[in-house]
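Now for the letters of each chain:
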There are 2 protein chains.
Amino acid sequence: MYLKELMKDVEKYLDSEVTLHGWVRNHRRQKDFGFIAFSDGTQFQTLQLVYDQETDGFLEISSIRVGACIEVVGILQKSIGSGQEYEFKIHSCKILGDCPEDYPLQPKQHSNEFLRSIAYLRPRANLFQAVFRIRSLAAMAIHTYFQERGYVYAHTPLITTADCEGEDQMFKVTTFDMEHVPMTDGRVDYSKDLFRKPAFITGSGQLQGEAFATAFSRIYTFGPTFRTENSNTKTHANEFWMIEPEIAFCDLEGVMDIQEDMLKFIVTYILKHAHDELVFLDKFVEKGLLDKLNRLVSSTFTRISHEEVITILKNAEKKWEFEPAYGEDIAKEHEKFITEYFDGPVFITDWPKDIKAWYMKVNEDGKTVAAVDLEIPGVGELMGGSQREEDYDKLMKRIDEMNVDKESIDWYCNLRKFGTCVHSGFGLGFERLLIYLTGVENIRDVIPFPRTPGSCEF
Amino acid sequence: MYLKELMKDVEKYLDSEVTLHGWVRNHRRQKDFGFIAFSDGTQFQTLQLVYDQETDGFLEISSIRVGACIEVVGILQKSIGSGQEYEFKIHSCKILGDCPEDYPLQPKQHSNEFLRSIAYLRPRANLFQAVFRIRSLAAMAIHTYFQERGYVYAHTPLITTADCEGEDQMFKVTTFDMEHVPMTDGRVDYSKDLFRKPAFITGSGQLQGEAFATAFSRIYTFGPTFRTENSNTKTHANEFWMIEPEIAFCDLEGVMDIQEDMLKFIVTYILKHAHDELVFLDKFVEKGLLDKLNRLVSSTFTRISHEEVITILKNAEKKWEFEPAYGEDIAKEHEKFITEYFDGPVFITDWPKDIKAWYMKVNEDGKTVAAVDLEIPGVGELMGGSQREEDYDKLMKRIDEMNVDKESIDWYCNLRKFGTCVHSGFGLGFERLLIYLTGVENIRDVIPFPRTPGSCEF
């Protein structure tokens with residue numbers, strides 16, 4: 001049976017013989033007895049297996065190496081020692097899969113850089129047992145939040161010829177033999193490729209999501225997205241997952257309500273379902289993590305315009321690396337200041353239109369757009385959303401102003417011709433959420449097999 | 001408010017004035033009164049709005065066109081007419097987004113081919129309101145099934161340099177300018193591409209899923225996969241979603257238990273949560289759909305070996321297009337016969353090793369592998385699974401025999417060196433499941449924006 005089943009029903013199994021399968025995470029041997037830290041990965045806590053000279057096959061058991069896969073028969077009992085409530089007395093033990101002495105994942109402190117080099121083994125390490133279980137639970141929290149509220153989960157396409165982020169940031173996909181790309185008159189002959197036109201893997205499902213929102217009112221996407229950015233920072237990866245809800249009959253205020261409610265729901269869910277994992281992360285990764293998450297749930301989210309933020313920044317008695325300016329973007333140092341100033345999450349609304357995307361609704365002032373970024377203490381921007389321009393003529397004007405390629409998105413514009421409606425949406429980078437939830441700093445450590453420039457292993 | 005909220009709490013809202021936003025799906029006008037079939041897409045059933053000459057703005061309301069987006073204020077009341085339990089009496093109505101006379105989605109019978117050509121509008125049609133809501137619910141059913149049982153959801157990478165399906169079926173991804181692919185000595189110089197090596201978008205997450213199964217015991221993937229197949233059939237698409245569970249300490253029998261249990265869970269979930277949608281599909285798409293699904297839940301799944309299947313086929317008094325033969329694959333006509341023969345789902349096990357994949361465990365006979373295909377009446381193969389070869393030496397032998405490229409999967413093989421264990425998994429094509437659940441025949445009609453050869457619109 002699996003460890004999780006055993007521990008869930010402790011009272012039932014206590015002192016009865018059961019069989020477990022799993023791996024040796026650690027092994028402390030004494031002359032006359034030994035302790036094995038055992039895990040099958042179905043729960044965060046390992047189980048302490050105990051044996052002594054009376055145990056069948058004492059010598060064989062005491063020679064079992066870290067990493068080995070074993071089958072143990074024995075009984076769960078109240079622990080005599082300190083440090084754990086229960087322990088497992090081995091009656092017999094069999095090695096199912098041995099592990100050599102040079103197993104890379106020895107029970108000692110490894111650097112995260114080293115663990116990335118063995119990404120196929122690192123899920124067995126404590127840190128990644130915690131991070132990837134939280135990743136799984138956070139995904140479920142998101143699905144639960146939206147499905148309970150009647151949102152339709154829309155699988156928007158990955159391969160696309162239209163994109164709201166701009167083609168220069170997108171990977172091309174092709175079936176061509178790269179050594180012999182077919183050319184006609186010096187140009188690539190895409191009529192010979194599978195889709196008969198240039199195709200990309202998407203950076204966003206928003207455009208198609210909007211089409212679904214005009215049919216189901218409330219929808220969300222949750223899938224992989226891609227950027228070609230050649231940048232080696234802690235926060236950039238070339239492949240990452242995004243959640244993009246889109247809601248008809250919802251304005252900017254409404255979308256902020258949803259963002260706040262959703263984030264509190266996710267954090268509450270993780271606090272409930274990943275207690276052991278959070279305690280570990282709080283101890284070894286981010287001191288105060290549990291406190292941070294608990295405070296988020298009961299915090300008030302400030303709502304303030306970009307213009308007001310700039311005024312606050314300008315009035316602050318602080319020497320800025322980047323001088324805050326009306327009509328311009330804000331820097332990381334400003335984000336940090338403003339969440340500290342309000343001592344909590346801050347929605348910054350109504351951004352200068354020139355630094356935001358073409359599909360956002362221009363406000364009546366003609367200078368700003370109905371966009372919102374959510375700034376979270378210690379993380380910075382966690383989500384970005386906007387009310388979409390629902391007026392056909394105004395949208396076309398923006399598309400012309402911003403030189404967006406019209407041809408591939410004519411269908412998107414047409415949504416404004418056929419029963420257009422006020423609608424809004426936002427994007428949540430799943431990995432940025434996980435960095436917040438786990439305290440882990442590097443995006444490479446919250447993605448099972450990260451893809452970054454020069455790195456596409458496993 | 002949204003329609004779903006109103007109808008969920010009918011008793012509370014009956015006879016009180018409320019405001020709704022949504023679209024006009026149909027409009028029947030009489031001289032003195034009219035009926036509007038109204039939907040905001042939050043439930044399958046439309047709401048009948050009624051108005052008459054007493055209603056404020058009678059003339060304006062009676063001129064509202066199909067497809068328009070409206071705001072209506074009025075009261076929900078018990079319907080006097082037949083055909084519906086409730087109707088909504090309009091007090092006032094405002095057009096939020098008008099819709100022209102030439103709106104392509106008029107309320108009449110459209111061919112599925114035509115609807116594909118307006119894929120950005122078709123989610124508003126009844127058929128796709130049903131199909132895509134079931135798609136969303138089925139996804140949730142799958143997450144619920146696995147998460148309730150403690151499986152970890154693993155986001156395996158999309159961009160990959162390793163693949164278990166073979167590179168010739170995979171899309172290449174690149175950041176190169178396709179007109180000027182950098183060459184060195186007549187070969188593509190991949191050191192200049194973002195990942196510094198040839199990269200693809202994946203056809204399966206199984207290999208990385210196995211790595212996770214040796215850490216968490218029970219995991220599942222659920223994400224998009226890709227094939228370059230240039231084939232225009234009802235069952236092929238170049239982009240589709242797959243679920244790939246992988247379970248440690250589980251053999252072929254165990255994996256069949258899980259497949260059967262999971263499928264019954266999903267069908268039960270859909271029967272419960274998509275009743276109106278199924279009734280519609282039963283009436284207009286597949287007669288007997290509801291009965292088929294209800295029978296599945298209580299049916300017994302037969303388990304039989306490939307060899308026994310061939311014997312049954314050979315003994316059948318039937319003229320085959322393809323003669324059944326020991327050691328060879330079976331054809332669609334055989335699949336059909338065998339599910340009819342057993343009058344229910346059939347697990348076919350222990351396939352000839354030469355027609356199956358390299359990672360499957362070779363049985364003791366040396367001729368067959370521990371693989372299983374699940375055949376479902378009326379659909380054919382719905383899932384394929386296998387016990388994986390967990391022995392390093394045996395795996396390497398198969399890899400050599402079948403000329404698999406070793407280099408990119410050395411890490412995968414190493415899983416057999418470090419505490420190897422018996423493990424099994426299976427793949428479920430999400431679209432094939434949806435074809436089964438909805439009765440819709442063409443894969444293009446269960447994918448929001450399908451990608452097939454020559455077709456990558458929207």
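Draft legend 1. Here's a closer look at the sheet that holds strand β8 (residues 171-174) of chain A. What the six strands build is an open sheet, ordered β7(A)-β11(A)-β8(A)-β8(B)-β11(B)-β7(B); its pairing is antiparallel. With one partner strand each, in any of the chains shown, β7 (159-160) of chain A together with β7 (159-160) of chain B form the two edges of the open sheet. Two strands pair when backbone bridges link them, and strand β8 (residues 171-174) of chain B and strand β11 (residues 199-201) of chain B are joined in this way by three bridges, in the antiparallel orientation. Each bridged residue has a counterpart across the sheet, and for K172 of chain B the counterpart in β11 of chain B is F200 of chain B.

Draft legend 2. Inspection of the interface of chain A and chain B at higher detail. Listed by partner, the interface residues are 108 residues for chain A and 108 residues for chain B. Carbon and sulfur atoms make up 65% of the surface buried where chain A meets chain B, a total of about 9,100 Å² over both sides. Interface area lost by chain A to chain B is led by H155, M178 and F418 of chain A, which between them contribute 9%. Summed over the shared surface of chain A and chain B, the result is six salt bridges. Across the salt bridge formed by R218 of chain B and E5 of chain A, the nearest N and O atoms sit 3.9 Å from each other. Taken together, the links from chain A to chain B amount to 41 residue pairs in polar contact (both at pLDDT 80 or more). Looking at which element gives the most residues to the side of chain A that touches chain B, the answer is helix α5 (residues 126-148) of chain A, with 12 residues. Of the residues assigned to the side of chain A that touches chain B, the class counts are 56 nonpolar, 32 polar and 20 charged. Of the pairings in the sheet, the one linking β8 of chain A to β8 of chain B comprises three bridges and is antiparallel in character. Each residue of the ladder has a partner; that of K172 of chain A, found in β8 of chain B, is T174 of chain B.

Draft legend 3. Expanded view of the packing of α5 of chain A against helix α8 (residues 275-284) of chain A. All names here are of chain A. Two elements in contact, α5 and α8, have axes separated by 9 Å at closest approach and are oriented at 130°. What the angle tells us is that α5 and α8 run oblique. For α5 against α8, the interelement crossing comes out left-handed. Contacts between α5 and α8 involve N126, L127, A130, R133 and I134 on the former and, on the latter, E277, L278, F280 and L281.

Draft legend 4. Inspection of the packing of aromatic side chains at higher detail. Using the criterion set out here, one finds 64 aromatic pairs over all chains in the structure. Ring centres of F33 of chain B and F35 of chain B lie 5.8 Å apart, and the angle between their planes is 75°; on these two criteria the pair is classed as edge-to-face. Judged by its relative accessible area of 36%, F33 of chain B is partly exposed. Grouped by ring-pair contacts, the aromatic residues Y120, F128, F132, F449 and F458 of chain A together with F212, F216, W358, Y359, W411 and Y412 of chain B constitute a single cluster. The lysine or arginine in question, R218 of chain A, covers the ring of Y2 of chain B, its NZ or CZ lying 4.1 Å from the ring centre. The ring of W351 of chain B carries K356 of chain B above its face, with NZ or CZ at 4.4 Å from the centroid.

Draft legend 5. Structural detail: unusual backbone geometry. Unlike most non-glycine residues, F458 of chain A shows phi in positive territory, near 65°. Positionally, F458 of chain A belongs in the segment after α14 (430-438). Positive phi is not limited to glycine here, since R196 of chain B has a value of about 65°. Mapped onto the elements, R196 of chain B comes out in the loop between β10 (187-188) and β11.

Draft legend 6. Representation of the side chain of N414 of chain B. As for its position among the elements, N414 of chain B is in helix α13 (residues 410-414). On the basis of relative accessibility, which here comes to 17%, the residue N414 of chain B falls in the buried class. Excluding residues within four positions of it along the chain, N414 of chain B makes contact with Y120 of chain A together with Y392 of chain B.

Thresholds, definitions, all that
Residues numbered from 1 in each chain as written. Chains lettered and ligands numbered in written order. Predicted model: local features only at pLDDT ≥ 70, side-chain atom pairs only at ≥ 80, totals over all residues. Heavy atoms only, no water. Pairing = 2+ DSSP bridges. Helix = DSSP H or I, 4+ residues; strand = E, 2+ residues; numbered from the N terminus. Contact = heavy atoms within 4.5 Å. Buried area = accessible area lost by both parts, 1.4 Å probe. Salt bridge = Lys/Arg side-chain N within 4 Å of Asp/Glu carboxyl O. Polar contact = N/O pair within 3.5 Å; in protein donor to acceptor, adjacent residues only side chain to side chain. Nonpolar A, V, L, I, M, F, W, Y, C, P; charged D, E, K, R; others polar. Axes fitted to C-alpha atoms, helices over the stretch in contact; angles between N-to-C directions. Parallel < 35°, antiparallel > 145°, perpendicular 65-115°, else oblique. Left-handed = near helix turned anticlockwise from the far one by under 90°. Phe/Tyr/Trp six-rings, centres within 6.5 Å; stacked < 30°, edge-to-face > 60°. Buried < 20%, exposed > 50% of the residue type's maximum accessible area, 1.4 Å probe, protein only. Lys NZ or Arg CZ within 6 Å of the ring centre and 35° of its normal.

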